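Descriptive analysis of the structure
The chain contents come next:
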Amino acid sequence: MSSLVNQVSSFSMSEEEEAFGYAWCLRSSDVFSYVLDAAIQLGIFDILAKAGPDAHLSSYEIASQLHANNPDAPSLVDRMLRLLACYDLVTCVSRNLEGDEDGNYKVERLYGLALPGKSFVRDENGGSLAAFTVSKAKMEVWLHLKDLVLEGGNLFEKVHGMPVYQYMSLNPESARTFDTAMTNLSKIIVNKVIERYQGFEGITSLVDVGGGYGITLNLIISKYPSIRGINYDMPHVIQEAPSYPGIEHIGGDMFSMVPKADGIMMKDVLHNWNDECCLKLLKNCYEALAEKGKVIVTSYVMFEEPETSNAAKFISQMDLIMAARDGAKQRTENQFKAMSMAAGFSNFQLKCRIFNVVGVMEFYK
């Protein structure tokens, strides 16, 4: 088998053939998303994780834990894992099984969990990417992206007859999936922010604008217990927020007013809104700040120019997600800086990046 692999690998291709192969692979890349989604739903990453850090399992061993009625399940699992191995989510080693009387050996592939694949297993902080799933509602929106370019407007609303948040309020399962995904991701990002960013030191009162159920603020105050926290969101959200030590929940409209404090933070808020709305919100934050206070913005930060890095690809994808879902966008560092100056802030600094995609920025009064 290895001689055949070497023979296949040794065939050279022209630059044109390489380019066409790359384009061909991209055109079918949606298959990877569906396979990844199925692997998550089947719990394959969890099975590999439970086997241990250095363990490798055959598709038969994995399929035996799925309780499948399909006799072809091991073969299908193997084919799925081969694709996931191509994307470095799992590792793959081969072993020769006992041969027949003619000396022909059957090759069995064994799979283990690669470092990127661990992101789809719940970690000790409850964070994971596993809850981000493919849904029919999302797919239907992407099928009409051309219409957004030609006609404009809110694409999600055009396709489903209502804005995305109203849709989720009428579809509790979609809302639960979204909330779980965002909560899990928030835990991952906020823990990294707390680890790397020192800007919460010295703050006595901190308002989290659009803070949801208060999870982010609770993580911060757990490390900085001297901070008096105010979790600020829409009244119907605040009603569902659990009680946390050192945190006061306040309901209201951030476009009307923001509670006063010497520090205000916004995580994953500005990318939900157009420039006009963001400017209004930032001016409200400016008015609410104490003298020499600051706004801490945690948000995806676009690269100034297109790059081929995974980070640049990811943020560009997130930018189009916002365009299709809310008619909003991601922004570059320079765009954030210009927006802060337009709102009246005296200075702006990008303090650090998390995973090279999330920026922690300070807007100074």
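Presented here is a report on the structure given in the accompanying data block. Since the model is a prediction, treat every value here as computed from it, not as a measurement.

1. Quick look at the pairing of strand E5 (residues 228–233)
It is a general feature of regular strands that their side chains alternate between the two faces of the sheet. Taken across its 6 residues, E5 has 5 buried, putting it largely inside the fold. Across 5 bridges, strand E4 (residues 205–209) lies against E5 in parallel orientation. Residue pairing in the sheet places Ser 205 in a bridge with Arg 228 of E5. Taken together, E4, helix H12 (residues 215–223) and E5 constitute a β-α-β crossover, and its handedness is right-handed. The pairing of E5 with strand E6 (residues 247–251) spans 5 bridges and is classified as parallel.

2. Examining helix H6 (residues 73–86)
Its 14 residues give H6 an end-to-end C-alpha distance of 20 Å, which sits within 8% of 20 Å, the value for a rise of 1.5 Å per residue. Every buried residue of H6 is listed here: Ala 73, Pro 74, Val 77, Asp 78, Met 80, Leu 81, Leu 84 and Ala 85. Looking at the buried side of H6, the elements it contacts are helix H3 (30–42), helix H4 (44–50), helix H5 (59–63), strand E2 (90–96) and strand E3 (107–113). In the segment just after H6, Asp 88 is the residue with positive phi, at about 65°.

3. Some details on the sheet that holds E2
A sheet is described by the order of its strands in space; here 3 strands give the open sequence E1-E3-E2, paired in antiparallel fashion. Looking along the sheet, the strands with just one partner apiece sit at the ends: strand E1 (57–58) and E2. Pairing analysis gives 2 bridges linking E1 to E3, with the strands arranged antiparallel. Residue pairing in the sheet places Leu 57 in a bridge with Tyr 111 of E3. Contacting E2 and E3, H6 crosses the sheet at an angle of about 55° to E3.

4. Things to note about the pattern of salt bridges
Applying the stated rule across the entire model yields 10 salt bridges. Note that Arg 95 and Glu 108 form a salt bridge whose closest N and O atoms lie 2.6 Å from each other. Highlighted residues: Arg 95 in strand E2 and Glu 108 in strand E3, separated in sequence by 13 residues. For Lys 192, the salt bridge is made with Glu 195, and the minimal N-O distance between the two is 3.9 Å. Residue Lys 192 and its partner Glu 195 are both found in helix H11 (residues 172–196); the two are separated by 3 residues, about one turn of the helix.

5. Considering the packing of aromatic side chains
Applying the stated criterion across every chain, the model contains 12 aromatic pairs. Residues Tyr 286 and Phe 345 carry aromatic rings whose centres are separated by 5.3 Å and whose planes lie at 85° to one another, so their mutual orientation is edge-to-face. Separated by 59 residues along the polypeptide, Tyr 286 in helix H14 (residues 275–288) and Phe 345 in the loop between helix H16 (333–342) and strand E10 (347–354) bring together distant segments of the chain. Taken together, the aromatic side chains of Tyr 286, Phe 345, Phe 348 and Phe 363 make up a single cluster linked through ring pairs. Between Arg 353 and the ring centre of Phe 303, over which it is positioned, the NZ or CZ distance is 5.1 Å. The ring of Tyr 286 has Lys 365 sitting right over it, with the charged end atom 4.9 Å from the ring centre.

6. Structural notes on the nonpolar core
The nonpolar side chains of a soluble globular protein tend to be buried, and buried together. Of all hydrophobic cores here, the largest spans 30 residues; its most connected members are Phe 200, Leu 206 and Ile 220. The biggest single contributor to this core is H11, with 5 residues. Not counting residues up to four positions away in its chain, the partners in contact with Phe 200 are Val 193, Leu 206, Ile 220, Tyr 224, Ile 227, Met 265 and Ile 296. Grouped together as the second largest cluster of nonpolar side chains are 28 residues, Ala 261, Leu 270, Cys 278 and Phe 345 included.

Rules of the game
- Residues numbered from 1 in each chain as written.
- Predicted model: local features only at pLDDT ≥ 70, side-chain atom pairs only at ≥ 80, totals over all residues.
- Heavy atoms only, no water.
- Buried < 20%, exposed > 50% of the residue type's maximum accessible area, 1.4 Å probe, protein only.
- Helix = DSSP H or I, 4+ residues; strand = E, 2+ residues; numbered from the N terminus.
- Pairing = 2+ DSSP bridges.
- Right-handed = clockwise from strand over helix to strand, strands pointing away.
- Expected span 1.5 Å × (residues − 1).
- Contact = heavy atoms within 4.5 Å.
- Axes fitted to C-alpha atoms, helices over the stretch in contact; angles between N-to-C directions.
- Salt bridge = Lys/Arg side-chain N within 4 Å of Asp/Glu carboxyl O.
- Phe/Tyr/Trp six-rings, centres within 6.5 Å; stacked < 30°, edge-to-face > 60°.
- Lys NZ or Arg CZ within 6 Å of the ring centre and 35° of its normal.
- Core = buried A, V, L, I, M, F, W, Y, C linked by side-chain atoms within 4.5 Å.

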